[in-house]
Amino acid sequence: MTKNEHTNTYNGEEIYPSIDDDNQDFPPLVVSYNDKIRPILDAVDKLRRLNVTQEGIPLPTIVVVGDQSSGKSSVLESLAGISLPRGQDICTRVPLIMRLQHHTDPVPEFLLEYQKKSIKIDEESQISDAINKATVEIAGNSKGISNVPLTLVVKKEGVPDLTMIDLPGITRVPIGDQPENIYEQISGMIMEYIKPEESIILNVLSASVDFTTCESICMSRRVDSTGQRTLAVVTKCDRSPDGLLEKVTTNDVNIGLGYICVRNRINEETYEEARNQEATLFETHPLLSKIDKSMVGIPVLAHRLVQIQSVIISKCLPEIIKNINDRLNASVSDLNKLPRNLTSVPDAMVTFIQIVGSLKETLKKILIQGEFDEYENDNEMHCDARLAEMVLEEANGIRLPNFLPRSVFLSLLKRKVNAISDLPVSFVNKVWDYLEIVCARVLIDRCGNYSQLLPSMKKATQHVMAKLKAMFVERVVEMIEMEKMTDYTCDPDFITSYNKLMNYHAQFSVNLLHSYTSDSINVEGYGSINIGHLREVSENTRNQAFDLKMRMAAYWKIVLKRMVDCLALQVRYFMQKVVNKEMEMEIVNEVTVHGGGIEKMLDEPPYVAKKRERLQISISLLKESKEIIEQVMDGIAVTSY
């Protein structure tokens, strides 16, 4: 007789004992958990009812999948000892969570839970109708499906302690009023349930199909290529016994947890009669009797599932605890980051003052003190560095023009200043555009939690910036006009620079005297100066031209320095006005007088209110989940002690 050659481990853990004695009795369906495991399973079921998975916390689950008419419902009926909906089309149209629990009371208890409803079912014969009615309520009268689950609680003497999720059977061709994409809907639902590593896949196969091309096998292999969390149940063995032994022993499709071959209840058989018929079939059939006893029968399947469930729950419990704590801490942190829900005008006024003060302090650090700790990784917010770059660019943009044929120094100076007069104004525009970006960024960061304030505060900020920019431009224009009016300086550097430049006179004279020499001379700090056109004039005129050029060069150096210093000082001055006085006054005036008042802050933005509600619900759910787990762990600790 062929023995079970498949692995009996899940992630290295033994999950069921080998059954080597051919004459050993079948394990009973009643395989109740010990005092440690049963409370954990109950706790996991409570977490499932709380829908803790919506918080991104996966739970250990036995997921039942199979092609349509593979016998899934019949297998579950055999395990639970109850009747489920049957039919030619899709019987299971919503996820059916089956919680089976053995209890000693001979009177069974049945409960159907869905959409916050809990319906007690008095008679076992009413279960199928109750499920059908609830399915219609959830998924409608058509043959469409829904991902909203039903939970069927079965407390009955003799059933195994198991929780399983039965999913709709796989079908490719829509029937009747089924949607055209019924296959995509079902396969998407199945993949969602079997993808988590915590899921054990109970793959129900008809003995008549080719396992290598079976749709449910293909799906499970996509998420469990090694097969370490897939157990196969082969149904209808009595109808297709030929070659079955080879199928379940060669394992061409890599079913890591092995195969269990079963015979389901037929027609009006009682469950006891069905079990007896199953035992006789695998004992006496000429082909099926060759399959090892550890691979046949509903009792063996029940025993195997209980053992698998025990191992996976024990292994997943520490991670579940960690995930709950992590998500709870994250949700509490997110809730604390939300703005206070203001309920009175005094509260709103205090918060408004804090916002304005924070805005002012941040702008002072960035614009005046040159600190940028909060924006360390954002170079655009490093104000000192950016302004220094702009000043350097501005200074480099003001160049000494080529020699102009004018003999009057002041006229020449006026013309030269006019030539560059648009550059300082352009500099102001560039600097102010940058400062407006910085102010807007800080404004959004500081009052973004109270978005109802943002329009008024933004309007006030823009008004202040526009007003001070106009003043800045006016000062710069005045500076340019002053430079055009007179050629005045007390800077001793003028004489020093002029004398140094006049040292180039000898080279100037030599180059003009000899025609073979260059038509230009290189003056340090000023570059190449063209002189070829002076060969045709008198020596006296040439000397006057050279003197005028050098005086202009020396004086232009003073003008450039004076303009750059003035621009830099003006930038600093107006930034101080923005931060220390103008913006604060304008914001307070705009919000309290023109912007609808502080009362606006009492109206929490809808998106903030929704986020607050979502986080509060999440925290409540996670706290309840944590309490459930802690109670279980405390109970286990007491029992162990």
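Refer to the structure above for everything that follows.
Everything in this summary refers to the structure shown in the same document.

Calculation notes
- Residues numbered from 1 in each chain as written.
- Predicted model: local features only at pLDDT ≥ 70, side-chain atom pairs only at ≥ 80, totals over all residues.
- Heavy atoms only, no water.
- Helix = DSSP H or I, 4+ residues; strand = E, 2+ residues; numbered from the N terminus.
- Contact = heavy atoms within 4.5 Å.
- Areas by Shrake-Rupley, 256 points an atom, 1.4 Å probe, with all protein chains shown as cover.
- Core = buried A, V, L, I, M, F, W, Y, C linked by side-chain atoms within 4.5 Å.
- Buried < 20%, exposed > 50% of the residue type's maximum accessible area, 1.4 Å probe, protein only.
- Salt bridge = Lys/Arg side-chain N within 4 Å of Asp/Glu carboxyl O.
- Pairing = 2+ DSSP bridges.
- Expected span 1.5 Å × (residues − 1).
- Arc of directions from axis to C-beta.
- Axes fitted to C-alpha atoms, helices over the stretch in contact; angles between N-to-C directions.
- Left-handed = near helix turned anticlockwise from the far one by under 90°.
- Nonpolar A, V, L, I, M, F, W, Y, C, P; charged D, E, K, R; others polar.
- Patch = residues over 30% accessible without salt bridge, like charges linked within 9 Å, V, L, I, M, F, W, Y side chains within 5 Å.
- Lys, Arg positive; Asp, Glu negative; His and termini not counted.
- Charge placed at Lys NZ, Arg CZ, Asp CG, Glu CD.
- Phe/Tyr/Trp six-rings, centres within 6.5 Å; stacked < 30°, edge-to-face > 60°.

### Some remarks on the overall build of the chain
Turning to step 1, where the next piece is worked out: Scanning the chain from terminus to terminus reveals 17 helices and 13 strands.
Turning to step 2, where the next piece is worked out: Contacts spanning at least 24 positions in sequence make up 78% of the contacts within the chain whose residues lie at least 6 apart.
Turning to step 3, where the next piece is worked out: Entry remark: accessible area of the chain is about 31,100 Å², with carbon and sulfur atoms responsible for 51%.

### Structural notes on the nonpolar core
Turning to step 1, where the next piece is worked out: Counting 64 residues, the largest nonpolar core has Leu 152 and Leu 301 as its most contacted members.
Turning to step 2, where the next piece is worked out: By residue number, the principal contributor to this core is helix H8 (residues 298-337), which donates 14 residues.
Turning to step 3, where the next piece is worked out: Sequence-distant contacts of Leu 301, that is, excluding residues within four places in its chain, are made with Val 75, Leu 79, Leu 202, Leu 231, Val 233 and Ile 260.
Turning to step 4, where the next piece is worked out: Ala 460, Met 465, Met 563 and Ile 598 belong to the second-largest nonpolar core, a separate cluster that totals 61 residues.

### So, the pattern of salt bridges
Note on pairing: side chains with opposite charge can pair once their charged atoms come close.
Turning to step 1, where the next piece is worked out: Applying the stated criterion across every chain yields a total of 19 salt bridges.
Turning to step 2, where the next piece is worked out: For Glu 137, the salt bridge goes to Lys 117, with nearest N and O atoms at 2.2 Å. Of this pair, Glu 137 sits in helix H3 (residues 127-139) while Lys 117 sits in strand S6 (residues 117-121), placing them 20 residues apart in sequence.
Turning to step 3, where the next piece is worked out: By relative accessible area, which is 39% here, Glu 137 ends up partly exposed.
Turning to step 4, where the next piece is worked out: Asp 326 is paired through a salt bridge with Lys 322; the nearest N and O atoms lie 2.8 Å apart. Within this pair, Asp 326 and its partner Lys 322 are both found in helix H8, separated by four residues, close to a single helical turn.
Turning to step 5, where the next piece is worked out: Under the relative-accessibility criterion, Asp 326 is labelled partly exposed at 38%.
Turning to step 6, where the next piece is worked out: Salt bridges here are not isolated pairs; linked through shared partners, they connect Arg 172, Glu 215 and Arg 222.

### What about the pairing of strand S3 (residues 61-66)?
Turning to step 1, where the next piece is worked out: Most of S3 is tucked away, with six of its six residues classed as buried.
Turning to step 2, where the next piece is worked out: Of the two faces of S3, the one carrying Thr 61, Val 63 and Val 65 and the one carrying Ile 62, Val 64 and Gly 66 are both buried.
Turning to step 3, where the next piece is worked out: Pairing of S3 with strand S9 (residues 199-206), which is carried by six bridges, proceeds in the parallel orientation. Bridge pairing in S9 places Val 63 opposite Ile 201.
Turning to step 4, where the next piece is worked out: One ladder, built from three bridges, connects S3 with strand S8 (residues 162-166); its direction is parallel. Note on S8: the bridge partner recorded for Val 63 is Ile 165.

### Topic: helix H7 (residues 271-284)
Given 3.6 residues per turn, any residue in an α-helix points the same way as the ones three and four places further on.
Turning to step 1, where the next piece is worked out: Over its 14 residues, H7 extends 20 Å from the first C-alpha to the last, a length consistent with the 20 Å expected when each residue adds 1.5 Å.
Turning to step 2, where the next piece is worked out: Taken together, the buried positions of H7 are Tyr 271, Ala 274, Arg 275, Glu 278, Leu 281 and Phe 282. Angular distribution of buried residues about the axis of H7 spans 125 degrees; they occupy a single face of the element. Of the exposed residues in H7, the ones pointing more than 90 degrees away from its buried face are Glu 272 and Thr 284.
Turning to step 3, where the next piece is worked out: Against helix H2 (72-80), strand S11 (259-261) and H8 lie the buried residues of H7.

### Some words on unusual backbone geometry
Turning to step 1, where the next piece is worked out: Even without being a glycine, Gln 115 presents a positive backbone phi close to 45 degrees.
Turning to step 2, where the next piece is worked out: Considering the arrangement of structural elements, one finds Gln 115 in the loop between strand S5 (109-114) and S6.
Turning to step 3, where the next piece is worked out: Taking relative accessible area as the criterion, Gln 115 reaches 43% and is therefore assigned partly exposed.
Turning to step 4, where the next piece is worked out: For Lys 236, which is not glycine, the phi dihedral falls at a positive 55 degrees.

### Some remarks on the sheet that holds S5
Turning to step 1, where the next piece is worked out: Taking strand neighbours across the sheet as the criterion, the nine strands line up as S6-S5-S7-S4-S8-S3-S9-S10-S11 in an open arrangement whose pairing is mixed. Since the sheet does not close on itself, it has two edges, and those belong to S6 and S11, each with one partner. Direction aside, neighbouring strands of the sheet carry axes that sit 20 degrees apart on average.
Turning to step 2, where the next piece is worked out: One ladder, built from five bridges, connects S5 with strand S7 (residues 150-155); its direction is antiparallel. Its bridge partner lying in S7, Leu 111 is registered against Val 153.
Turning to step 3, where the next piece is worked out: On the sheet, H3 packs against strand S4 (96-101), S5, S6 and S7 and is oriented at approximately 5 degrees with respect to S5.

### Here we look at the packing of helix H9 (residues 345-368) against helix H12 (residues 422-447)
Turning to step 1, where the next piece is worked out: Packing of H9 against H12 leaves a shortest axis separation of 10 Å and a crossing angle of 145 degrees. Crossing of H9 over H12 shows right-handed handedness. Contacts between H9 and H12 involve Ile 355, Ser 358, Leu 359, Thr 362, Leu 363, Ile 366 and Leu 367 from the first element and Leu 435, Val 438, Cys 439, Val 442, Leu 443, Arg 446 and Cys 447 from the second.
Turning to step 2, where the next piece is worked out: Here the contact of H9 with H12 is built from residues that sort into 11 nonpolar, two polar and one charged.

### Brief notes about a negative patch on the surface
Turning to step 1, where the next piece is worked out: A grouping of Glu 624, Glu 627, Glu 630 and Asp 634 is seen on the molecular surface, where their side chains present a negatively charged patch.
Turning to step 2, where the next piece is worked out: Tracing the backbone through its elements, the reader meets Glu 624 in helix H17 (residues 606-640).
Turning to step 3, where the next piece is worked out: Residue Glu 624 is classed as partly exposed on the basis of its relative accessible area, which comes to 38%.

### Section: the packing of aromatic side chains
Turning to step 1, where the next piece is worked out: The full count for this structure, using the stated rule, is seven aromatic pairs.
Turning to step 2, where the next piece is worked out: For the ring pair Phe 211 and Tyr 259, a centre distance of 5.9 Å and an interplane angle of 15 degrees mean the geometry is stacked. Of the two residues, Phe 211 is situated in the loop between S9 and helix H5 (215-223) and Tyr 259 in strand S11; the sequence distance between them amounts to 48 residues.
Turning to step 3, where the next piece is worked out: Between the aromatic rings of Trp 432 and Phe 574, the centroid separation amounts to 6.4 Å while the plane-to-plane angle is 85 degrees, which identifies the pairing as edge-to-face. Of this pair, Trp 432 sits in helix H12 while Phe 574 sits in helix H16 (residues 539-594); the two residues are 142 residues apart in sequence, bridging distant segments of the chain. For the pair formed by Trp 432 and Phe 574, the shared burial category is buried.
Turning to step 4, where the next piece is worked out: Among the aromatic residues, those joined into a cluster by ring pairs are Trp 432, Phe 472, Tyr 573 and Phe 574.

These values are about where atoms sit, not about what they do.
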